[in-house]
Amino acid sequence: MGRAKRWLHTRAFSVHPEQIGIGDGFKGASAVALMVCAALVFRQPELAWSAFAAFWTCLADPGGTRHARLWVMSVFVLCGSATAGAVSVIAALGAPVAGAAVFGMIAVSTLGGLRKPRLATVGTLVGVVAVVAIEQPVQFAEAPLVCLLFLGGGVLTIILALGLRPTNPHDAARRGIAGVLTELRDMTAEIAASGDGRPDAEQSRLRLDAEHRRSVRDAIQRARAAIEHAAAGKDDSSALELRKLLTSCDGIFAGLIALSNDPQGRRSWSRDWVCVLADIEAALAAAARQVRRGRADAVALHGTAARIRAHALYEDEITARAIEAVAACIDDLIKPAVAGVVPASIASVLPAGSGSASGREVAANALRRATVVLITYALGHVIALPEVQWATMAAVVVTHPDAQISGPRMIERVLGSLAGGLAAAAAGLLLTEPWELVAAVLPLAAAALALRSVNYTLFVLFLTPLFILVAELVTPGLGQLAATARAMDNVFGSVLALLGCMVLWPERRFNRFAAQLAEAVEANLQFAAAVISPSQDRTAVDVARQRAGLTSTAAEQTLHRLIMPGESRTAALVEARALLAAVRRLAGMATTLHVTGYAAGRDHLLAQMAEVSSGYRRSQI
């Protein structure tokens, strides 16, 4: 499972099993189920607007503090209700006017979301509301009712989400740190497996080492972002504790890199060596469980750390120092945080290219999405698609500001829709009574909301039958037709979205990669230089190490995504892959020297620095 997850993540298919949110899923699903029950009891199909509003409001929930959640969800509910009412009225004026309106609404909502990163999801969801409303025309006198129905569903969701047993704002960050520890455990297991004596063991070790470094560094950054989001600028005790945990995780990561880096062949894969890795793996697995539960077993972790230290007595000096560094960080996991101390691992060390987009890029992204949706809307009506709104919804969510994400997003949405459509068709055959359908709505909505941060395919898998069953409840007789239409229309809208990303104002991906590669080379050389500097400051070196890892990861992920669609610059990409491998070796050697103080490694590090510098100067990138 771990290898598959890392392979998918490198290629922009995200899988984060630690982020399943069962409690929030059931609270949001309760609001959806209540609205569906009301529509059935009062025989008012219009209440479907309330059910959909409830679900979309759950998706708008950003997590974090109650104030931040209330503000973002309220913005969506107000904007969504106004959009639903206004666009529904405009839809009655005819297709040309409706098409112009949906183009403008998508452009404005996308522009607003990209300008305000906190509202990026809100901008996308308002676009979804617009493309649904454009297929539900009403007269002007009915528009206030549409607004009120949407408002009611959204307000009910906010009350349930924030009023019933409020979620701890740090839960997502805690789950993220547990995910980091799980990644570190997997890395430890792979280090042990790479010394099993197979002919290809060394090549396999290098490949897996690069995969694990990318995976762990990404997990650390996700956890860091979750901590800062939940803290909202305040250093409360929970935020300090989580930052300290993340710092310890980062130290364990550095120690594992030092353990896996063995350029001189010092290490024999003895029974003692396998035992120390097994103890480290067991400690990390136990720590992940304890962090997830929020309860630490200090005695057990101290005991495991002592056993790990004992193994250092039987290893060479360099390996012993690396083992001691890992054991010390495992001990630090259960030490109390010190107020006022900001650990280096949560420092802002993001690559320069990860900042906000320029005004021109933002405008291009907004126009691209609006144009794709307009084309999908027009073609959908020309070829008489059964449910055009499902095609336009797919166009909205698949057209991503990062064009490299759109291809994987298209595949995930199509797979989820096809599987979900089959599930809905089967449910339509088995569940014949309205109350049976209502009973199925709650678990489907809960599963979709709980899995939304885990994996997009799984989210769409449960979202598809949910929407189809709700449609069947409010408009009986559409079951099989809706299941087929959903699959067809999603494929149609997703493919058009991908084509739009490739044709309309396409991103110069190779130029972007060249800038990322240059930044990775520079950051890793700076890290190595900081390590061998006579006046090195450990905190500054740690920050340089994190930046080196982030820039290398960004360049490697972009490289993989360039290769996927068959970029024509094959020779340059092969050269870039070799250069990034050299950069990774440099980082491993520098980390080993930093963690262990291996003085004899200085000359090897200087030689590797020269190799990376000359390799980059000779490259054609």
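One structure accompanies this document, and this report is about it. (Residues numbered from 1 in each chain as written. Predicted model: local features only at pLDDT ≥ 70, side-chain atom pairs only at ≥ 80, totals over all residues. Heavy atoms only, no water.)

**Topic: the overall build of the chain**
1) Next: Helix and strand counts for the chain come out as 23 helices and 0 strands.
2) Next: Out of the 621 residues in the chain, the part that is buried amounts to 56%.
3) Next: Entry remark: accessible area of the chain is about 26,200 Å², with carbon and sulfur atoms responsible for 63%. (Helix = DSSP H or I, 4+ residues; strand = E, 2+ residues; numbered from the N terminus. Buried < 20%, exposed > 50% of the residue type's maximum accessible area, 1.4 Å probe, protein only. Areas by Shrake-Rupley, 256 points an atom, 1.4 Å probe, with all protein chains shown as cover.)

**Looking at helix 17 (residues 434-450)**
1) Next: Between its first and last C-alpha, helix 17 extends 25 Å over 17 residues, near the 24 Å set by a 1.5 Å rise per residue.
2) Next: The complete set of buried residues in helix 17 reads Leu 437, Val 438, Ala 440, Val 441, Leu 444, Ala 445, Ala 446, Ala 447, Ala 448, Leu 449 and Ala 450.
3) Next: In this fold, the buried residues of helix 17 make contact with helix 2 (22-41), helix 3 (48-60) and helix 18 (456-474). (Expected span 1.5 Å × (residues − 1). Contact = heavy atoms within 4.5 Å.)

**A short note on the environment of Ala 425**
1) Next: Looking at where Ala 425 falls in the secondary structure, it is placed in helix 16 (residues 403-430).
2) Next: Spatially, the C-alpha atom of Ala 425 lies 8.2 Å from that of Pro 465, the residues being 40 residues apart in sequence.

**Topic: the pattern of salt bridges**
1) Next: Tallying each qualifying case throughout the model produces 14 salt bridges.
2) Next: The shortest N-O distance in the salt bridge between Arg 217 and Asp 250 comes to 3.2 Å. You can see Arg 217 sitting in helix 9 (residues 201-231) and its partner Asp 250 sitting in helix 10 (residues 237-260), a full 33 residues away along the chain.
3) Next: The class of Asp 250 is buried, set by a relative accessible area of 3%. (Salt bridge = Lys/Arg side-chain N within 4 Å of Asp/Glu carboxyl O.)

**Considering the packing of aromatic side chains**
1) Next: Evaluated as defined, the whole model comprises 8 aromatic pairs.
2) Next: Consider the rings of Tyr 456 and Phe 459, whose centres lie 6.1 Å apart with planes at 35°: the pair is tilted. With Tyr 456 and Phe 459 both in helix 18 and 3 residues apart, this pair spans about one turn of that helix.
3) Next: Judged by its relative accessible area of 8%, Phe 459 is buried.
4) Next: Among the aromatic residues, ring-to-ring pairing joins Trp 49, Phe 52, Phe 55, Trp 56, Phe 76, Phe 150, Tyr 456, Phe 459 and Phe 467 into one connected group.
5) Next: The ring of Tyr 456 carries Arg 409 above its face, with NZ or CZ at 4.1 Å from the centroid. (Phe/Tyr/Trp six-rings, centres within 6.5 Å; stacked < 30°, edge-to-face > 60°. Lys NZ or Arg CZ within 6 Å of the ring centre and 35° of its normal.)

**As for the nonpolar core**
1) Next: Residues Trp 49, Phe 55, Trp 56 and Phe 76 are the most contacted members of the largest nonpolar core, which totals 96 residues.
2) Next: Sequence-distant contacts of Trp 49, that is, excluding residues within four places in its chain, are made with Trp 56, Ala 84, Ser 88, Val 129, Val 132, Ala 133, Gln 136, Val 146, Leu 149 and Phe 150.
3) Next: Among the nonpolar cores identified, the runner-up in size contains 48 residues, and Leu 184, Ile 220, Ile 227 and Leu 245 belong to it. (Core = buried A, V, L, I, M, F, W, Y, C linked by side-chain atoms within 4.5 Å.)

**Observations concerning the side chain of Glu 18**
1) Next: Position of Glu 18 relative to the elements: it lies in the loop between helix 1 (2-10) and helix 2.
2) Next: One buried charge, Glu 18, has no salt-bridge partner; the nearest side chain with opposite charge is Arg 222, at 4.0 Å.
3) Next: Beyond its immediate stretch of four places on either side in the chain, Glu 18 contacts Arg 175, Gly 179 and Arg 222. (Lys, Arg positive; Asp, Glu negative; His and termini not counted.)

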